[in-house]
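Residues per chain, in single letters:
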Amino acid sequence: MNKNVLILGSGGREHALAWKISQSSLLSNLYCIPGNPGIATLASCPTGISEDAEALTRFIHDNKIDIFVCGPEAPLAEGLMDKLRQNLSDDVILIGPGRQGATLESSKQFAKEFMMRYNIPTAAYKSFNSQSLNQATEFIMTMNTPVVLKADGLAAGKGVVICNTRQEAVQEVTDMLNGKFGEASKVVVVEEFLRGIECSVFVLTNGEQYIVLPEAKDYKRVGEADAGPNTGGMGSVSPVPFFTDTLRKRICLNIIEPTLSGLKAEKIEYQGFIFFGLIIVNGDPYVIEYNCRLGDPETESIMLRIESDFIEMMTACHEGSLENYKIKISPQSAATVFLVSGGYPGTFAKGKMITLPSINSNSVLFHAGTAFSEGNLVTSGGRVIAVSSLAEGLSDAISTSNRLADEIKFDGKYFRRDIGFDLQL
Ligand code: AMP
Ligand code: GLY
(Lines give C-alpha, C1' and ligand atoms only; values in the text may rest on other atoms or scores of the structure.)
(Ligands and ions follow the chains in the order given, each with its own letter.)
Protein backbone atom coordinates (compact mmCIF):
# COMPACT_ATOMS: atom_id res chain seq x y z
CA MET A 1 0.00 0.00 0.00
CA ASN A 2 1.28 3.43 -0.88
CA LYS A 3 2.16 5.88 1.88
CA ASN A 4 1.19 9.38 2.87
CA VAL A 5 4.21 11.31 4.06
CA LEU A 6 4.45 14.54 6.08
CA ILE A 7 7.70 16.51 6.41
CA LEU A 8 8.14 19.22 9.05
CA GLY A 9 10.35 22.17 8.10
CA SER A 10 10.88 24.92 5.57
CA GLY A 11 14.51 24.96 4.47
CA GLY A 12 16.73 23.61 1.73
CA ARG A 13 17.17 20.36 3.66
CA GLU A 14 13.41 19.77 3.73
CA HIS A 15 13.12 20.70 0.03
CA ALA A 16 15.79 18.09 -0.75
CA LEU A 17 13.96 15.49 1.37
CA ALA A 18 10.68 16.34 -0.37
CA TRP A 19 12.38 16.11 -3.77
CA LYS A 20 13.73 12.64 -3.00
CA ILE A 21 10.54 11.33 -1.38
CA SER A 22 8.42 12.69 -4.24
CA GLN A 23 10.24 10.26 -6.58
CA SER A 24 9.24 7.21 -4.58
CA SER A 25 7.04 4.66 -6.31
CA LEU A 26 5.57 3.98 -2.85
CA LEU A 27 4.26 7.53 -2.35
CA SER A 28 0.61 8.36 -2.23
CA ASN A 29 0.41 11.98 -0.95
CA LEU A 30 3.25 14.23 0.16
CA TYR A 31 2.70 17.10 2.60
CA CYS A 32 5.09 19.61 4.13
CA ILE A 33 4.41 21.98 7.02
CA PRO A 34 5.10 24.88 6.68
CA GLY A 35 7.11 24.22 3.48
CA ASN A 36 8.29 26.93 1.09
CA PRO A 37 7.62 27.96 -2.54
CA GLY A 38 10.04 25.33 -3.87
CA ILE A 39 8.59 22.53 -1.76
CA ALA A 40 5.10 23.61 -2.82
CA THR A 41 5.89 22.44 -6.38
CA LEU A 42 6.26 18.87 -5.01
CA ALA A 43 4.05 18.66 -1.92
CA SER A 44 0.89 20.14 -0.45
CA CYS A 45 1.92 22.82 2.03
CA PRO A 46 -1.24 23.50 4.04
CA THR A 47 -1.28 26.94 5.63
CA GLY A 48 -2.42 27.86 9.11
CA ILE A 49 -1.40 24.59 10.80
CA SER A 50 0.67 25.27 13.88
CA GLU A 51 3.74 23.17 14.45
CA ASP A 52 2.85 21.90 17.92
CA ALA A 53 2.15 18.28 18.82
CA GLU A 54 -1.63 18.75 19.11
CA ALA A 55 -2.05 20.32 15.68
CA LEU A 56 0.35 17.87 14.06
CA THR A 57 -1.37 14.89 15.69
CA ARG A 58 -4.68 16.08 14.29
CA PHE A 59 -3.17 16.61 10.84
CA ILE A 60 -1.52 13.18 10.85
CA HIS A 61 -4.79 11.60 11.92
CA ASP A 62 -7.04 13.50 9.50
CA ASN A 63 -4.77 12.96 6.50
CA LYS A 64 -3.90 9.34 7.29
CA ILE A 65 -0.18 10.11 7.38
CA ASP A 66 1.93 6.94 7.43
CA ILE A 67 5.37 8.53 7.78
CA PHE A 68 6.32 11.73 9.60
CA VAL A 69 9.85 13.14 9.09
CA CYS A 70 11.09 15.97 11.30
CA GLY A 71 13.68 18.11 9.48
CA PRO A 72 15.09 20.54 12.07
CA GLU A 73 16.52 19.95 15.56
CA ALA A 74 14.51 22.40 17.67
CA PRO A 75 11.22 20.42 17.73
CA LEU A 76 13.19 17.23 18.46
CA ALA A 77 14.96 18.88 21.40
CA GLU A 78 11.57 20.03 22.70
CA GLY A 79 10.20 16.49 22.72
CA LEU A 80 7.80 16.71 19.77
CA MET A 81 8.34 13.05 18.85
CA ASP A 82 7.58 11.80 22.38
CA LYS A 83 4.24 13.59 22.31
CA LEU A 84 3.41 12.30 18.83
CA ARG A 85 4.38 8.77 19.84
CA GLN A 86 1.99 8.96 22.80
CA ASN A 87 -0.85 10.23 20.62
CA LEU A 88 -0.43 7.98 17.59
CA SER A 89 -0.66 4.28 16.86
CA ASP A 90 2.58 2.33 16.49
CA ASP A 91 1.95 1.95 12.77
CA VAL A 92 2.75 5.60 12.13
CA ILE A 93 6.44 5.79 11.26
CA LEU A 94 8.19 8.64 13.08
CA ILE A 95 11.59 9.63 11.75
CA GLY A 96 13.39 11.66 14.42
CA PRO A 97 14.37 10.85 18.01
CA GLY A 98 12.56 11.79 21.21
CA ARG A 99 13.83 14.50 23.55
CA GLN A 100 16.36 12.20 25.24
CA GLY A 101 17.93 11.07 21.98
CA ALA A 102 18.02 14.67 20.76
CA THR A 103 20.16 15.55 23.81
CA LEU A 104 23.12 14.23 21.81
CA GLU A 105 22.77 17.51 19.90
CA SER A 106 21.04 19.80 22.39
CA SER A 107 23.66 19.42 25.13
CA LYS A 108 27.33 19.40 24.21
CA GLN A 109 28.17 18.46 27.80
CA PHE A 110 25.88 15.42 27.60
CA ALA A 111 27.41 14.47 24.24
CA LYS A 112 30.96 14.74 25.60
CA GLU A 113 30.16 12.69 28.73
CA PHE A 114 28.40 10.12 26.56
CA MET A 115 31.46 9.80 24.31
CA MET A 116 33.69 9.38 27.35
CA ARG A 117 31.43 6.64 28.75
CA TYR A 118 31.55 4.65 25.53
CA ASN A 119 35.12 5.34 24.50
CA ILE A 120 34.17 7.24 21.38
CA PRO A 121 37.13 9.29 20.10
CA THR A 122 36.64 13.02 20.63
CA ALA A 123 38.73 16.05 21.64
CA ALA A 124 39.91 16.20 25.28
CA TYR A 125 37.74 18.62 27.28
CA LYS A 126 36.37 19.85 30.58
CA SER A 127 33.11 21.63 31.20
CA PHE A 128 32.40 24.57 33.49
CA ASN A 129 29.57 26.72 34.83
CA SER A 130 29.55 30.21 36.35
CA GLN A 131 30.54 28.77 39.75
CA SER A 132 33.66 27.22 38.26
CA LEU A 133 34.90 30.19 36.21
CA ASN A 134 38.20 30.22 38.13
CA GLN A 135 38.82 26.57 37.34
CA ALA A 136 37.96 27.29 33.69
CA THR A 137 40.62 30.00 33.64
CA GLU A 138 43.18 27.68 35.25
CA PHE A 139 42.34 24.90 32.78
CA ILE A 140 42.66 27.23 29.78
CA MET A 141 46.10 28.37 31.00
CA THR A 142 47.30 24.75 30.74
CA MET A 143 46.03 24.27 27.17
CA ASN A 144 47.67 24.50 23.79
CA THR A 145 46.21 27.07 21.40
CA PRO A 146 43.85 27.47 19.67
CA VAL A 147 41.29 26.75 22.40
CA VAL A 148 37.77 25.66 21.43
CA LEU A 149 34.82 26.90 23.53
CA LYS A 150 31.35 25.47 23.06
CA ALA A 151 28.12 26.69 24.59
CA ASP A 152 26.39 23.61 25.99
CA GLY A 153 22.95 24.27 24.50
CA LEU A 154 21.50 25.00 21.07
CA ALA A 155 22.74 28.40 19.91
CA ALA A 156 21.61 28.49 16.28
CA GLY A 157 25.02 27.38 15.03
CA LYS A 158 26.80 30.27 16.79
CA GLY A 159 27.79 28.56 20.02
CA VAL A 160 31.31 27.45 19.04
CA VAL A 161 34.14 29.96 19.43
CA ILE A 162 37.72 29.17 18.45
CA CYS A 163 40.20 31.36 20.34
CA ASN A 164 43.73 31.83 19.07
CA THR A 165 45.20 32.90 22.41
CA ARG A 166 44.60 31.81 26.00
CA GLN A 167 43.83 35.43 27.00
CA GLU A 168 41.10 35.57 24.35
CA ALA A 169 39.75 32.22 25.57
CA VAL A 170 39.62 33.42 29.19
CA GLN A 171 37.71 36.57 28.14
CA GLU A 172 35.36 34.54 25.94
CA VAL A 173 34.61 31.85 28.54
CA THR A 174 33.84 34.67 31.02
CA ASP A 175 31.43 36.31 28.56
CA MET A 176 29.81 32.99 27.70
CA LEU A 177 29.28 31.97 31.33
CA ASN A 178 27.89 35.46 31.95
CA GLY A 179 25.14 34.76 29.44
CA LYS A 180 26.54 35.72 26.02
CA PHE A 181 24.36 33.01 24.46
CA GLY A 182 21.67 33.15 27.15
CA GLU A 183 20.63 29.82 28.66
CA ALA A 184 22.68 27.95 26.03
CA SER A 185 26.00 29.09 27.53
CA LYS A 186 25.23 28.53 31.23
CA VAL A 187 27.57 25.57 30.81
CA VAL A 188 30.60 25.79 28.52
CA VAL A 189 32.69 22.94 27.16
CA VAL A 190 36.37 23.88 26.82
CA GLU A 191 38.15 21.54 24.46
CA GLU A 192 41.35 20.85 22.63
CA PHE A 193 41.61 22.00 19.01
CA LEU A 194 41.89 19.11 16.56
CA ARG A 195 43.89 19.70 13.41
CA GLY A 196 42.54 17.70 10.51
CA ILE A 197 39.93 17.68 7.80
CA GLU A 198 36.21 17.67 8.50
CA CYS A 199 33.49 15.52 7.04
CA SER A 200 29.86 14.72 7.77
CA VAL A 201 28.59 11.17 8.12
CA PHE A 202 24.89 10.32 8.35
CA VAL A 203 23.08 7.19 9.38
CA LEU A 204 19.43 6.21 9.39
CA THR A 205 18.88 4.01 12.43
CA ASN A 206 16.21 2.36 14.54
CA GLY A 207 18.57 2.18 17.50
CA GLU A 208 19.68 -1.38 16.69
CA GLN A 209 20.49 -1.38 13.02
CA TYR A 210 21.71 1.38 10.76
CA ILE A 211 22.50 2.26 7.21
CA VAL A 212 25.19 4.72 6.26
CA LEU A 213 24.05 7.40 3.83
CA PRO A 214 26.54 9.05 1.46
CA GLU A 215 29.15 11.11 3.29
CA ALA A 216 29.57 14.81 2.58
CA LYS A 217 31.68 17.82 3.38
CA ASP A 218 30.14 21.20 4.06
CA TYR A 219 31.60 24.68 3.82
CA LYS A 220 30.47 26.81 6.74
CA ARG A 221 32.49 30.02 6.42
CA VAL A 222 31.02 32.86 4.42
CA GLY A 223 34.20 33.77 2.55
CA GLU A 224 36.27 31.97 -0.06
CA ALA A 225 39.17 29.87 1.26
CA ASP A 226 37.10 29.44 4.47
CA ALA A 227 37.50 33.04 5.60
CA GLY A 228 35.09 35.10 7.68
CA PRO A 229 32.27 34.14 10.04
CA ASN A 230 30.38 30.87 10.17
CA THR A 231 27.06 30.62 8.36
CA GLY A 232 24.31 28.02 8.15
CA GLY A 233 26.36 26.55 5.28
CA MET A 234 27.58 27.93 1.93
CA GLY A 235 27.89 24.66 0.04
CA SER A 236 28.67 20.98 0.18
CA VAL A 237 30.09 18.10 -1.82
CA SER A 238 29.56 14.34 -1.84
CA PRO A 239 31.44 12.02 -2.04
CA VAL A 240 34.45 13.20 -0.07
CA PRO A 241 37.59 12.14 -2.00
CA PHE A 242 39.63 11.20 1.09
CA PHE A 243 36.81 9.00 2.43
CA THR A 244 38.29 5.54 1.86
CA ASP A 245 36.78 2.16 2.70
CA THR A 246 39.26 1.83 5.56
CA LEU A 247 38.09 5.14 7.00
CA ARG A 248 34.45 4.12 6.60
CA LYS A 249 35.08 0.85 8.46
CA ARG A 250 36.89 2.69 11.24
CA ILE A 251 33.98 5.12 11.58
CA CYS A 252 31.47 2.26 11.76
CA LEU A 253 33.49 0.33 14.31
CA ASN A 254 34.85 3.12 16.53
CA ILE A 255 32.09 5.70 16.30
CA ILE A 256 28.71 4.61 14.90
CA GLU A 257 28.41 1.23 16.62
CA PRO A 258 29.58 2.41 20.07
CA THR A 259 27.14 5.33 19.77
CA LEU A 260 24.23 2.98 19.09
CA SER A 261 25.21 0.56 21.83
CA GLY A 262 25.63 3.51 24.22
CA LEU A 263 22.11 4.70 23.43
CA LYS A 264 20.83 1.20 24.03
CA ALA A 265 22.74 0.84 27.30
CA GLU A 266 21.14 4.09 28.48
CA LYS A 267 17.71 2.87 27.33
CA ILE A 268 17.33 5.76 24.93
CA GLU A 269 15.14 4.71 22.05
CA TYR A 270 16.28 6.28 18.81
CA GLN A 271 14.66 6.17 15.41
CA GLY A 272 15.86 8.72 12.90
CA PHE A 273 19.03 10.21 11.54
CA ILE A 274 22.29 10.68 13.39
CA PHE A 275 24.71 13.15 11.86
CA PHE A 276 28.29 12.64 13.01
CA GLY A 277 30.37 15.79 12.54
CA LEU A 278 33.88 14.37 12.29
CA ILE A 279 37.45 15.59 12.05
CA ILE A 280 39.90 13.13 10.55
CA VAL A 281 43.32 13.49 12.19
CA ASN A 282 46.06 11.46 10.49
CA GLY A 283 43.50 8.95 9.25
CA ASP A 284 41.72 8.63 12.62
CA PRO A 285 38.15 9.93 12.96
CA TYR A 286 37.12 12.04 16.00
CA VAL A 287 33.60 13.26 16.76
CA ILE A 288 33.32 17.04 17.04
CA GLU A 289 29.56 17.03 17.27
CA TYR A 290 26.47 14.90 17.08
CA ASN A 291 23.30 16.16 15.44
CA CYS A 292 19.98 14.40 15.69
CA ARG A 293 18.89 15.28 12.15
CA LEU A 294 20.30 15.57 8.65
CA GLY A 295 22.73 18.36 7.79
CA ASP A 296 22.01 21.44 5.76
CA PRO A 297 23.48 21.94 3.09
CA GLU A 298 24.76 18.33 3.07
CA THR A 299 21.25 16.91 2.45
CA GLU A 300 21.00 18.94 -0.76
CA SER A 301 24.04 17.04 -2.10
CA ILE A 302 23.46 13.57 -0.69
CA MET A 303 19.85 13.25 -1.86
CA LEU A 304 21.10 13.48 -5.45
CA ARG A 305 23.29 10.44 -4.87
CA ILE A 306 20.84 8.15 -3.07
CA GLU A 307 19.30 5.82 -5.62
CA SER A 308 17.32 3.66 -3.19
CA ASP A 309 13.68 4.47 -2.61
CA PHE A 310 13.53 6.70 0.47
CA ILE A 311 10.10 5.46 1.60
CA GLU A 312 11.33 1.88 1.32
CA MET A 313 14.34 2.81 3.48
CA MET A 314 12.28 4.54 6.17
CA THR A 315 9.81 1.63 6.23
CA ALA A 316 12.64 -0.91 6.58
CA CYS A 317 14.02 1.20 9.45
CA HIS A 318 10.68 1.11 11.28
CA GLU A 319 10.15 -2.59 10.63
CA GLY A 320 13.59 -3.53 11.90
CA SER A 321 14.81 -4.88 8.58
CA LEU A 322 17.81 -2.63 7.94
CA GLU A 323 20.22 -5.48 8.70
CA ASN A 324 20.23 -6.73 5.14
CA TYR A 325 19.21 -3.50 3.48
CA LYS A 326 21.67 -2.55 0.77
CA ILE A 327 21.44 1.15 0.08
CA LYS A 328 22.11 2.05 -3.56
CA ILE A 329 24.33 5.08 -3.95
CA SER A 330 25.28 6.69 -7.25
CA PRO A 331 29.00 6.64 -8.00
CA GLN A 332 28.53 10.12 -9.45
CA SER A 333 29.41 13.29 -7.56
CA ALA A 334 27.14 16.00 -6.23
CA ALA A 335 27.95 19.61 -5.39
CA THR A 336 25.78 22.26 -3.77
CA VAL A 337 26.41 25.99 -3.98
CA PHE A 338 24.29 28.24 -1.74
CA LEU A 339 23.15 31.64 -2.95
CA VAL A 340 22.81 34.04 -0.04
CA SER A 341 21.64 37.61 0.47
CA GLY A 342 24.47 40.18 0.56
CA GLY A 343 25.44 40.96 4.17
CA TYR A 344 24.53 37.49 5.47
CA PRO A 345 25.33 36.17 8.13
CA GLY A 346 25.06 39.79 9.36
CA THR A 347 22.13 42.01 8.37
CA PHE A 348 20.76 41.63 4.86
CA ALA A 349 17.86 42.84 2.73
CA LYS A 350 14.72 40.79 2.08
CA GLY A 351 12.01 40.97 -0.56
CA LYS A 352 14.34 41.09 -3.59
CA MET A 353 12.84 39.67 -6.77
CA ILE A 354 14.40 36.38 -7.94
CA THR A 355 14.78 35.25 -11.56
CA LEU A 356 15.49 31.56 -12.11
CA PRO A 357 17.12 30.05 -15.22
CA SER A 358 15.86 26.88 -16.86
CA ILE A 359 17.85 23.87 -15.74
CA ASN A 360 18.42 20.36 -17.01
CA SER A 361 17.75 17.15 -15.15
CA ASN A 362 21.23 16.93 -13.60
CA SER A 363 20.63 19.97 -11.40
CA VAL A 364 18.04 20.97 -8.82
CA LEU A 365 17.30 24.34 -7.26
CA PHE A 366 16.42 23.84 -3.60
CA HIS A 367 14.63 26.76 -1.98
CA ALA A 368 15.59 27.88 1.52
CA GLY A 369 14.77 31.57 2.00
CA THR A 370 12.21 32.37 -0.69
CA ALA A 371 8.61 33.58 -0.57
CA PHE A 372 5.89 34.73 -2.91
CA SER A 373 5.00 38.41 -2.80
CA GLU A 374 2.31 39.75 -5.14
CA GLY A 375 2.88 36.82 -7.46
CA ASN A 376 6.66 37.23 -7.58
CA LEU A 377 9.29 34.93 -6.11
CA VAL A 378 11.34 37.05 -3.69
CA THR A 379 14.11 36.55 -1.13
CA SER A 380 12.95 36.06 2.45
CA GLY A 381 16.06 34.83 4.28
CA GLY A 382 19.85 34.92 4.43
CA ARG A 383 20.34 31.64 2.64
CA VAL A 384 18.08 31.87 -0.40
CA ILE A 385 18.57 29.00 -2.86
CA ALA A 386 20.86 25.98 -3.00
CA VAL A 387 21.97 24.88 -6.47
CA SER A 388 22.80 21.17 -6.49
CA SER A 389 24.22 19.28 -9.45
CA LEU A 390 25.18 15.70 -10.17
CA ALA A 391 28.01 14.89 -12.60
CA GLU A 392 30.66 12.28 -13.39
CA GLY A 393 33.23 14.02 -11.21
CA LEU A 394 33.23 16.62 -8.45
CA SER A 395 34.88 19.31 -10.57
CA ASP A 396 32.10 19.04 -13.14
CA ALA A 397 29.39 19.05 -10.49
CA ILE A 398 30.90 22.15 -8.90
CA SER A 399 31.29 24.02 -12.18
CA THR A 400 27.71 23.19 -13.23
CA SER A 401 26.38 24.51 -9.91
CA ASN A 402 28.57 27.62 -10.19
CA ARG A 403 27.32 28.31 -13.72
CA LEU A 404 23.70 28.06 -12.61
CA ALA A 405 24.46 30.20 -9.57
CA ASP A 406 25.66 32.88 -12.02
CA GLU A 407 22.41 32.62 -13.96
CA ILE A 408 20.12 33.07 -10.96
CA LYS A 409 19.45 36.77 -10.45
CA PHE A 410 18.51 38.81 -7.41
CA ASP A 411 19.85 42.07 -5.95
CA GLY A 412 22.67 41.51 -3.51
CA LYS A 413 23.25 37.87 -4.54
CA TYR A 414 26.46 36.34 -3.17
CA PHE A 415 27.93 32.86 -3.35
CA ARG A 416 31.26 31.14 -2.88
CA ARG A 417 32.85 30.03 -6.14
CA ASP A 418 35.39 27.84 -4.41
CA ILE A 419 33.29 25.00 -2.93
CA GLY A 420 35.63 21.98 -2.82
CA PHE A 421 38.74 24.21 -2.91
CA ASP A 422 40.52 22.18 -0.22
CA LEU A 423 40.04 18.81 -1.94
CA GLN A 424 42.57 17.59 -4.46
CA LEU A 425 40.24 17.46 -7.46
P1 AMP B 1 29.91 22.84 15.62
O2 AMP B 1 28.95 23.97 15.85
O3 AMP B 1 30.05 21.91 16.76
O4 AMP B 1 29.69 22.20 14.27
O5 AMP B 1 31.33 23.50 15.46
C6 AMP B 1 31.55 24.50 14.49
C7 AMP B 1 32.88 24.31 13.85
O8 AMP B 1 33.91 24.52 14.81
C9 AMP B 1 33.13 22.93 13.32
O10 AMP B 1 32.59 22.73 12.05
C11 AMP B 1 34.64 22.89 13.29
O12 AMP B 1 35.11 23.55 12.14
C13 AMP B 1 35.01 23.70 14.48
N14 AMP B 1 35.36 22.86 15.62
C15 AMP B 1 34.52 22.40 16.59
N16 AMP B 1 35.21 21.67 17.50
C17 AMP B 1 36.49 21.66 17.10
C18 AMP B 1 37.69 21.08 17.62
N19 AMP B 1 37.71 20.39 18.76
N20 AMP B 1 38.83 21.26 16.93
C21 AMP B 1 38.85 21.99 15.80
N22 AMP B 1 37.77 22.57 15.26
C23 AMP B 1 36.60 22.42 15.91
N1 GLY C 1 25.90 21.49 7.94
C2 GLY C 1 25.95 21.52 9.34
C3 GLY C 1 24.66 21.42 10.00
O4 GLY C 1 23.64 21.15 9.42
O5 GLY C 1 24.65 21.60 11.22
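For the structure, check the block above.
First, a word on scope: everything that follows refers to the structure included in this document.

What counts, and at which threshold
Residues numbered from 1 in each chain as written. Chains lettered and ligands numbered in written order. Predicted model: local features only at pLDDT ≥ 70, side-chain atom pairs only at ≥ 80, totals over all residues. Heavy atoms only, no water. Near = heavy atom within 4 Å. Polar contact = N/O pair within 3.5 Å; in protein donor to acceptor, adjacent residues only side chain to side chain. Areas by Shrake-Rupley, 256 points an atom, 1.4 Å probe, with all protein chains shown as cover. Helix = DSSP H or I, 4+ residues; strand = E, 2+ residues; numbered from the N terminus. Pairing = 2+ DSSP bridges. Axes fitted to C-alpha atoms, helices over the stretch in contact; angles between N-to-C directions. Buried < 20%, exposed > 50% of the residue type's maximum accessible area, 1.4 Å probe, protein only. Contact = heavy atoms within 4.5 Å. Core = buried A, V, L, I, M, F, W, Y, C linked by side-chain atoms within 4.5 Å. Nonpolar A, V, L, I, M, F, W, Y, C, P; charged D, E, K, R; others polar. Parallel < 35°, antiparallel > 145°, perpendicular 65-115°, else oblique. Left-handed = near helix turned anticlockwise from the far one by under 90°.

## Structural notes on the site of ligand 1
Residues in contact with ligand 1 amount to 15 residues; listed here are only the nearest, E191, L194, E198, K220 and E289. One of the backbone N or O atoms of E192 is found 3.0 Å from a nitrogen atom in ligand 1. When isolated, ligand 1 has an accessible area of 480 Å², and the protein chains bury 90% of it. Elements that contribute at least two residues to the shell around ligand 1 include exactly β6 (147-151), β7 (160-163), β8 (187-192) and β14 (284-291).

## Examining the sheet that holds β14
Taken in spatial order, the four strands make up an open sheet running β10-β9-β13-β14, and their pairing is antiparallel. Strands at the two margins of the open sheet, each flanked by one partner only, are β10 (210-212) and β14. Here the strands of the sheet are splayed against their neighbours by 35° on average, with no regard to which way each runs. Direction of pairing for strand β9 (residues 197-205) relative to β10: antiparallel, over a ladder of three bridges. Bridging across to β10, L204 finds its partner in I211.

## Concerning the side chain of H15
Position of H15 relative to the elements: it lies in helix α1 (residues 12-21). You can call H15 buried: its relative accessible area is 3%. The contacts of H15, once residues within four sequence positions are left out, are N36, G38, I39, L42, L365, F366 and H367.

## Things to note about the environment of N4
Relative to the assigned elements, N4 resides in strand β1 (residues 3-9). Residues N4 and C252 lie 248 residues apart in sequence; the distance between their C-alpha atoms is 32 Å. Within polar-contact distance, the side chain of N4 engages the side chain of S28 at 3.4 Å.

## Details of the nonpolar core
Across soluble globular proteins, you tend to see nonpolar side chains buried next to one another. Core analysis: the largest hydrophobic core is formed by 48 residues, its most contacted members being L6, F68, L84, V201, I256, F276 and Y290. Considering each element in turn, this core owes the most residues, seven residues, to helix α9 (residues 245-265). Those residues within four positions of L84 in sequence are excluded, and the remaining contacts are A53, L56, T57, I60, F68 and L94. Listed in part, the 42 residues of the second largest apolar core include I95, M303, M314 and Y325.

## Some details on the sheet that holds strand β4 (residues 93-95)
As summarised here, the arrangement of the four strands in space is β2-β1-β3-β4, forming an open sheet in which the pairing is parallel. Of all the strands in the sheet, the pair left with one neighbour each is β2 (27-34) and β4. Sheet twist, expressed as the average angle between the axes of neighbouring strands with direction ignored, equals 15°. Looking at chain direction, β1 and β2 are connected through six bridges and run parallel. Across the sheet, L6 pairs through a bridge with Y31, a residue of β2. Strands β1, β2 and β3 (67-70) of the sheet are contacted by α1, whose axis makes an angle of about 170° with β1.

## Topic: the site of ligand 2
Lining the immediate environment of ligand 2, one finds D218, F275, R293, G295, D296 and E298. Measuring from a nitrogen atom of ligand 2, one finds a side-chain N or O atom of D218 at 2.7 Å. When ligand 2 sits alone it has 200 Å² of accessible area, and the protein chains cover 86% of it. Here the shell around ligand 2 is built from residues that sort into one nonpolar, one polar and four charged.

## Some details on the pairing of strand β15 (residues 333-341)
Burial analysis of β15 places nine of its nine residues in the buried class, which makes it a mostly covered element. Alternating residues of β15 divide into S333, A335, V337, L339 and S341 and A334, T336, F338 and V340, and every residue in both groups is buried. For strand β12 (residues 227-238) and β15, the ladder comprises four bridges, and the chain directions are antiparallel. Bridge pairing links G235 to V337 in β15.

## As for the packing of helix α2 (residues 53-62) against helix α4 (residues 80-87)
One can describe the packing of α2 onto α4 by two numbers: an axis separation of 10 Å at closest approach and a directional angle of 45°. With respect to α4, the element α2 is oriented oblique. Considering the relative orientation of α2 and α4, their crossing is right-handed. Here A53, L56, T57 and I60 of α2 lie close against α4, whose contacting residues are L80, K83, L84 and N87. Partitioned by chemical class, the residues of the contact of α2 with α4 number five nonpolar, two polar and one charged.

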